[in-house]
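Overview (structure and organization)
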Amino acid sequence: MAKQTITVIRGDGIGPSIIDSAIEILNAAGCEFDYEYVDAGLAALEKTGELLPPETLEAIERNKITLKGPLTTPVGEGFTSINVTLRKHFGLYANVRPVKSFEGTKARYDDIDIITVRENTQGMYSGLGQVVSEDGSEAEAMSKITREGAEKIVTFAYELAQREGRKKVTAVHKANILKSTSGLFLKVAREVGERFPEIESAEMIVDATCMKLVMTPEEFDVVVTTNLFGDIISDLCAGLVGGLGMAPGANIGENAAIFEAVHGSAPDIAGKNLANPTSVILASIQMLEYLDMGETADKIRNAVADVIKSGDRTTRDLGGNHGTTDFTQAVIERL
Ligand SMILES: NC(=O)c1ccc[n+]([C@@H]2O[C@H](COP(=O)([O-])OP(=O)(O)OC[C@H]3O[C@@H](n4cnc5c(N)ncnc54)[C@H](O)[C@@H]3O)[C@@H](O)[C@H]2O)c1
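Residues numbered from 1 in each chain as written. Predicted model: local features only at pLDDT ≥ 70, side-chain atom pairs only at ≥ 80, totals over all residues. Heavy atoms only, no water.

For clarity, the threshold we go by: UniProt positions are given in the numbering used here, feature names are shortened, and annotations may be inferred rather than shown by experiment.
As recorded by an unreviewed UniProt entry, the protein carries the name Isocitrate dehydrogenase and is attributed to Pseudoalteromonas rubra. For the protein, the Sequence similarities (unreviewed entry) comment in UniProt is given as "Belongs to the isocitrate and isopropylmalate dehydrogenases family."

The structure is reproduced here in structure tokens:
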């Protein structure tokens, strides 16, 4: 069988160090992938004058699977977020962000297991109708939800719940105020839920969801929601398991998938060997599961869990005093 080629974007800031860590671990676990390295973000801007060069888009399309480090979008006019562009360009409509407790992390809870399924291309982040009046006194943006988009994401969430033997899907919305957009999302979510009678369907308003996630997170299993709410809720969920260093995300479409950490390029700690690579390692585990390599995925997850539990060479955010490279070695030794 031909080897799977993975497109790799090492990214900006802490990106290269955490991506290198994940790939060293994949290799040590016996994965025989070919890797095609391409640039995006600041690294690409410096080399080619473009944030997202055409060769990068071609490689993502050709290889279908991409492992990506965080990218810095320069602040200022004329720069559209590269992540938003990638999601729209490849129709990566589902953003799957699981959080699971690891023993040994500094977190409020020790039994969290929640997957946020975030609609990834519509809603407030669709980039439609962004206008600032000439005198700068007024600004507008448009939110658009389609029945097709809502149906696709909610169906994706229920099918994921079915596949993973999960019991409940909660649709998160603000239909009481955002009657048109969130209203359509909720209507479609109810319809889709009826097609999956074996899974409990729940619905909850987004503000109450935030409060309940903090106070009674055991109420949640799979959460499905629109783009903006999903972005915020998934960071809140990351906070339940020890922070952004522990949260991976998969962007899934019909013809391409991009696996990444939820966090950004962390310029404050870049180049200091301080970054916790766990979120990108967990993203590579999501990638293995997507490729039906569950056994290898479990092997790596167990090794990471053991390092964190024992506190052997953990990074500062995990309570240790070691760097990215030491942490990586500790995981590799357990493989
Ligand atoms: N997916 C992406 O590519 C992505 C996502 C979010 C932000 N960004 C970009 O990242 C840049 C920086 O954004 P920011 O500072 O607001 O958010 P950030 O997520 O980069 O950092 C927030 C805080 O968390 C810490 N942190 C993040 N990841 C960590 C890790 N792996 N280990 C230890 N500590 C970690 C940082 O040191 C910082 O204190 C911006 O240019 C933003 O646009 C990119």
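Picking up after the structure, the text goes on.
**Notes on the nonpolar core**
Defined as follows: In plain words, nonpolar cores are sets of buried Ala, Val, Leu, Ile, Met, Phe, Trp, Tyr and Cys residues tied together by side-chain atoms within 4.5 Å. Using a 1.4 Å probe on the protein chains alone, a residue whose accessible area is under 20% of its type maximum counts as buried, one over 50% counts as exposed, and one in between counts as partly exposed. Secondary structure elements follow DSSP: runs of H or I no shorter than four residues count as helices, runs of E no shorter than two count as strands, and numbering proceeds from the N terminus. Residue contacts are counted whenever heavy atoms from the two residues lie within 4.5 Å of one another.
One finds Leu67, Ile114, Val117, Val224, Phe259 and Ile300 to be the most contacted residues of the largest nonpolar core, which totals 78 residues. The element best represented in this core is helix H5 (residues 147-163), accounting for eight residues. Contacts of Val224, omitting those with residues within four sequence positions, involve Val117, Ile153, Val154, Ala157, Val169, Thr170, Ala171, Val172 and Phe185. Of all hydrophobic cores here, the second largest spans 15 residues; its members include Leu51, Ile60, Leu92 and Ala256.

**So, the pairing of strand E5 (residues 113-119)**
Test applied: DSSP bridges decide pairing: two strands pair if at least two such bridges lie between them.
Most of E5 sits out of view: six of its seven residues are buried. Here seven bridges tie strand E4 (residues 94-100) to E5, and the two strands are oriented antiparallel to one another. Each bridged residue has a counterpart across the sheet, and for Asn95 the counterpart in E5 is Arg118. In the sheet, E5 pairs with strand E10 (residues 222-225) via four bridges, with the strands oriented parallel. Note on E10: the bridge partner recorded for Ile115 is Val222.

**Quick word on the sheet that holds E4**
Going by this rule: Axes, fitted as lines to C-alpha atoms, cover a helix only where it is in contact. Angles between the N-to-C directions of the axes lie from 0 to 180 degrees.
The strand order across the open sheet formed by ten strands is E2-E1-E3-E12-E11-E4-E5-E10-E8-E9, and the pairing between neighbours is mixed. Edge positions in the sheet fall to strand E2 (34-38) and strand E9 (200-205), since each of these pairs with one other strand and no more. Adjacent strand axes in the sheet meet at a mean angle of 20°, parallel and antiparallel pairs treated alike. Strands in contact with helix H4 (residues 82-89) are strand E3 (65-68), E4, E5, strand E11 (248-252) and strand E12 (257-261); relative to E12, the strand with the most contacts, it is inclined by about 155°. In the packing of H5 onto the sheet, contacts are made with E4, E5, strand E8 (168-173), E9, E10 and E11, and the angle to E5 comes to roughly 160°.

**Comments concerning helix H1 (residues 15-28)**
For clarity, the cut-off: Helices are assigned an expected span. That span is 1.5 Å times one less than the residue count.
When the terminal C-alpha atoms of H1 are compared, their 20 Å separation across 14 residues agrees well with the 20 Å that a helix rising 1.5 Å per residue should span. For H1, every residue scored as buried is listed here: Gly15, Ile18, Ile19, Ser21, Ala22, Ile23, Ile25 and Leu26. Considering only its buried residues, H1 is in contact with strand E1 (5-9), E2, E3, helix H9 (278-290), helix H10 (294-310) and helix H11 (324-334). One or two positions beyond H1, positive phi appears at Gly30, with a value near 95°.

**Points about the site of the ligand**
We apply this condition: Here a residue is near a molecule or strand as soon as one of its heavy atoms is found within 4 Å of it. Pairs of N or O atoms within 3.5 Å make up the polar contacts considered here, provided that, within protein, one atom can donate a hydrogen while the other can accept it, and that residues adjacent in sequence are counted only when both atoms are side-chain atoms. Accessible surface is estimated by sampling points in the Shrake-Rupley manner with a 1.4 Å probe; for residues, cover comes only from the protein chains shown.
Around the ligand, the structure places 19 residues, and the nearest of them are Leu71, Gly264, Ala266, Asp268 and Asn276. Taking Glu260, its side chain carries an N or O atom lying 3.4 Å from a nitrogen atom of the ligand. Within the backbone of Gly264, a nitrogen or oxygen atom sits 2.7 Å from an oxygen atom of the ligand. If the ligand stood free it would expose 820 Å²; the protein chains cover 66% of that surface.

**Quick look at unusual backbone geometry**
Phi at Lys64 is positive, roughly 70°, even though this residue is not glycine. With respect to the helices, strands and loops of the structure, Lys64 is situated in the loop between helix H3 (54-63) and E3. Residue classification places Lys64 among the partly exposed residues on the basis of a relative accessible area of 41%. Positive phi, normally seen in glycine, also occurs at Asp292, with a value near 60°.

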